[in-house]
Amino acid sequence: MITKKSNLVETYSLILIDVVAVVLAFVIAYVLRFSGADRNYRNVYYLVSALVIIVAILYGVMSNYNREFFVRGYFVEFVALLKYEIVLLVSLGTFVFLLQAKLFSRLVFLYFGIANFILTYLFHTLLKKYMMGVYRKSDSADKVLIVTESKLVDSLLEGIKETVSWNYSITSLAFIDYDNKPETDEEIDGIPVVAGINDLYENATTLPLDVVFISLPNTPVSEIKEILENFETMGVTCHYNVEREELNLKGKTAGNFAGYTVMTFSLNYMDYRRVLIKKVVDIIGAIVGLLITAVVTPFVALAIKIESKGPVFYKQERVGKNGRRFKLYKFRSMYIDADERKSELMKDNEVDGLMFKIKDDPRVTKVGKFIRKTSIDEMPQFLNVLKGDMSLVGTRPPTIDEFEKYNVYYRRRLSITPGLTGMWQVSGRSDIDNFDEVVKLDLQYIENWTLSLDFKILLQTVGTVLFGRGAK
């Protein structure tokens, strides 16, 4: 499946390692040539190497010589890199000539050519092995549900296996069979069958799921449209095999998935360059936040321990992007029996829907009230941000029991990474008493997301924390 995201990752990761190879090759060539001797005219070598790096970047961007990188074999890779190396060496020779750098050693030229070819080939091979062998099996790879008819599944899986992709893994199957009900505990080629026509959405809402591939050539268009609309509502990207008439729905783009021509349906359009910037900001913010957390932890820990028994930190399983589960960290603000007492307090819940909140919660300690009011209790979540479970700005990650009651509309809240803060937190979180209003604000954030919106929410969060407006 060639998507904008995967294409950007392939293009820029390969350009990056090509640049690293050029730098290392120049260092190796220079050291081998001048080892034990007086190393003069370094500035000439710095300038020439910088020019060659620019050529490497331009060649990677403009020629796209790394296209089909993950499907080409060792020999094709060798030929592609040989052409690339010739371009670099011709450019190197041209720069030396134009700069009249007569003192540029021919041995450096030779050593560079050999070292750069070997390093680039090695780095490309290691990247390919990592992405295909490690990343593809990791939690970061896109989790794919195939929705098809049972009689078509063997040919579909066979066709998918013939393609080579690093960015997704087939994790589940669902059959839309009208004449028989599939056994949802069976496996086909190691892939579990998780749903049939009657429980498709009920089971899909609780799966780790990023992408749905739909191939239903014998299903009426009206029913396929319903399937697409429901998965779109959940915030899940859909690829429809267009070996039949075109459907007209919002968010439709043409593409390719596992060797099949598809129409892709998705309501989430995010520029992955901006997503990358958001990730960098998250990492920087998490590091700064953890440094501040390290300073306040001894004082908070002492106060928590003095007032009540139990651990300083509280861990709770939450649900993150597209159904992934993770451990959320907080400073403990409640007594240790808080989870057990929750059921008896449900009758006092002040929020309509799938959230729990009551004023003057008796489970909260005196220290807990203070650290909640100042949001100090949430500071350990900077570790979740650094790990990638959360972002600085996003939607509120639901608890497991909340998540298991989600419908397709609520599920769309999870189509992005949850955040430390978000639209509903800065909109007066104590004043909201309806879960549907929370969902509405979350979807408003998802549909209108920009980097400037994140920055605005972060500034509003600072004001909210400083003045205590809407604090829990």
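Preceding this paragraph is the structure being described.
Just so you know, these numbers come straight off a predicted model, no measurement behind them.

Thresholds, definitions, all that
- Residues numbered from 1 in each chain as written.
- Predicted model: local features only at pLDDT ≥ 70, side-chain atom pairs only at ≥ 80, totals over all residues.
- Heavy atoms only, no water.
- Helix = DSSP H or I, 4+ residues; strand = E, 2+ residues; numbered from the N terminus.
- Buried < 20%, exposed > 50% of the residue type's maximum accessible area, 1.4 Å probe, protein only.
- Contact = heavy atoms within 4.5 Å.
- Pairing = 2+ DSSP bridges.
- Patch = residues over 30% accessible without salt bridge, like charges linked within 9 Å, V, L, I, M, F, W, Y side chains within 5 Å.
- Areas by Shrake-Rupley, 256 points an atom, 1.4 Å probe, with all protein chains shown as cover.
- Salt bridge = Lys/Arg side-chain N within 4 Å of Asp/Glu carboxyl O.
- Lys, Arg positive; Asp, Glu negative; His and termini not counted.
- Charge placed at Lys NZ, Arg CZ, Asp CG, Glu CD.
- Core = buried A, V, L, I, M, F, W, Y, C linked by side-chain atoms within 4.5 Å.
- Polar contact = N/O pair within 3.5 Å; in protein donor to acceptor, adjacent residues only side chain to side chain.
- Phe/Tyr/Trp six-rings, centres within 6.5 Å; stacked < 30°, edge-to-face > 60°.
- Arc of directions from axis to C-beta.
- Axes fitted to C-alpha atoms, helices over the stretch in contact; angles between N-to-C directions.
- Left-handed = near helix turned anticlockwise from the far one by under 90°.
- Nonpolar A, V, L, I, M, F, W, Y, C, P; charged D, E, K, R; others polar.

Colleague: Please explain the overall build of the protein as it appears in this structure.
Modeller: Scanning the protein from N- to C-terminus turns up 15 helices and twelve strands. Here the protein holds 472 residues, and the buried ones make up 49% of them. Residue pairs at least 24 apart in sequence account for 72% of intrachain contacts in the protein once pairs closer than 6 positions are excluded.

Colleague: I'm lost on the pairing of strand β9 (residues 313-319) in this one. Help?
Modeller: The side chains of a regular strand alternate, first on one face of the sheet and then on the other. In the sheet, β9 pairs with strand β10 (residues 325-331) via seven bridges, with the strands oriented antiparallel. Its bridge partner being in β10, Y314 is matched across the sheet by K330. Hairpin geometry of β9 and β10 is characterised by an intervening segment of five residues between the two adjacent antiparallel strands and by a positive phi of about 50° at N322.

Colleague: How should I be thinking about a negative patch on the surface in this particular structure?
Modeller: The grouping of D352, D433, D436 and E437 at the surface amounts to a negative patch. Relative to the helices and strands, D433 is located in the loop between β12 (419-421) and α14 (435-447). On the accessibility criterion, D433 (47% relative accessible area) is partly exposed.

Colleague: Even after reading the chapter, I still don't get the nonpolar core, so can you show me in this structure?
Modeller: For soluble globular proteins, the rule of thumb is that nonpolar side chains tend to be buried together. With 32 residues, the main nonpolar core has Y406, F435 and Y445 as its most contacted residues. If you list the elements that add at least two residues to this core, you get β10, α11 (381-387), β11 (391-393), α12 (400-403), α14 and α15 (451-467). Examining the composition of this core, we find that seven residues originate from one element, α14, more than from any other. Setting aside residues up to four positions removed in sequence, Y406 forms contacts with T205, L354, P398, R411, R413, L414 and F435. Counting residues in each nonpolar core, the second largest holds 29 residues, with V22, I53, Y65 and Y84 among its members.

Colleague: Teacher, can you tell me more about the pattern of salt bridges here?
Modeller: Opposite charge on two side chains permits pairing when their charged atoms draw close. This structure, assessed with the given rule, holds ten salt bridges. The partner of R72 in a salt bridge is E77, and the shortest N-O contact between them spans 2.6 Å. Judged by relative accessible area, E77 falls into the buried class, the value being 3%.

Colleague: What is the right way to read the side chain of E85 from this model?
Modeller: Turning to its location among the elements, E85 is positioned in helix α3 (residues 74-98). Buried and without a salt bridge, E85 has R72 as its closest oppositely charged side chain, separated by 12 Å. Within the local environment of E85, its side chain forms a polar contact with the side chain of N116, the two groups lying 2.7 Å apart. If we skip the residues at most four places from it in the chain, E85 touches F112, G113, N116 and F117.

Colleague: Can you walk me through a nonpolar patch on the surface in this structure?
Modeller: A grouping of L16, V20, L24, I28 and L32 is seen on the molecular surface, where their side chains present a nonpolar patch of about 420 Å² in accessible area. Relative to the helices and strands, L16 resides in helix α1 (residues 4-34). The class for L16 is exposed, based on a relative accessible area of 53%.

Colleague: What's the story with unusual backbone geometry in this structure? I'm lost.
Modeller: With the exception of glycine, the majority of residues adopt a negative phi angle, and the majority of peptide bonds are in the trans configuration. With a phi angle near 50°, N322 is a residue other than glycine that sits in the positive phi range. A positive phi is found at S375, a non-glycine position, where the angle reads about 65°. Inspection of the secondary structure puts S375 in the loop between α10 (366-373) and α11.

Colleague: Explain the pairing of strand β4 (residues 191-195) here, please?
Modeller: In terms of burial, β4 is largely enclosed, as four of its five residues are buried. The pairing of strand β2 (residues 168-175) with β4 spans two bridges and is parallel. If you follow A174 over to β4, its bridge partner there is A195. As defined by bridge partners, strand β3 (residues 187-188) adjoins β4 across two bridges and the pair is classed as antiparallel. Bridging across to β4, I188 finds its partner in I191. The antiparallel pairing of β3 with β4 creates a hairpin that spans two residues between the two strands, and D189 there sits at a positive phi of about 55°.

Colleague: Explanation requested: the packing of aromatic side chains in the structure shown.
Modeller: By convention here, two paired aromatic rings are described through the distance between centres and the angle between planes. With the rule as written, the count across this model stands at eleven aromatic pairs. When the ring of Y59 is compared with that of Y84, the centres are 5.7 Å apart and the planes differ by 45°; the resulting orientation is tilted. With a gap of 25 residues between them, Y59 in helix α2 (residues 42-62) and Y84 in helix α3 connect regions that are remote in the sequence. Both residues of the pair, Y59 and Y84, count as buried.

Colleague: Where do I start with α10 in this structure?
Modeller: Since one α-helical turn is 3.6 residues long, residues separated by three or four positions face the same way. The complete set of buried residues in α10 reads V367, G368 and I371. What you see down the axis of α10 is that its buried residues fit within an arc of 100°, all on one side. Of the exposed residues in α10, those oriented more than 90 degrees away from the buried face are K366, F370 and K373. Looking one or two residues beyond α10, the residue adopting positive phi is S375, at roughly 65°.

Colleague: Just to check I follow, could you spell out helix α5 (residues 153-161) for this structure?
Modeller: For α5, the full list of buried residues reads V153, L156, L157, G159 and I160. Down the axis of α5, the sector holding all buried residues measures 160°, keeping them to one side. Exposed residues pointing more than 90 degrees away from the buried face of α5 are listed as D154, E158 and K161. On its buried face, α5 is in contact with β1 (142-148), β2, β3, β4, β5 (211-215) and β8 (260-265).

Colleague: What is the right way to read the packing of α3 against helix α4 (residues 106-133) from this model?
Modeller: Direction vectors running N to C along α3 and α4 enclose 145°, while the axes themselves pass 10 Å from each other. α4 is crossed by α3, and the crossing has right-handed handedness. Of the residues in α4, those in contact with Y74, E77, F78, L81, L82, Y84, E85, L88, L89, L92 and G93 of α3 are F109, F112, G113, N116, F117, T120, Y121, H124, T125, K128 and K129. When its residues are assigned to classes, the contact of α3 with α4 shows twelve nonpolar, six polar and four charged.

Colleague: What is the right way to read the environment of L302 from this model?
Modeller: Among the secondary structure elements, L302 is positioned in helix α8 (residues 272-307). Separated by ten residues in sequence, L302 and V312 have C-alpha atoms that sit 8.5 Å apart.

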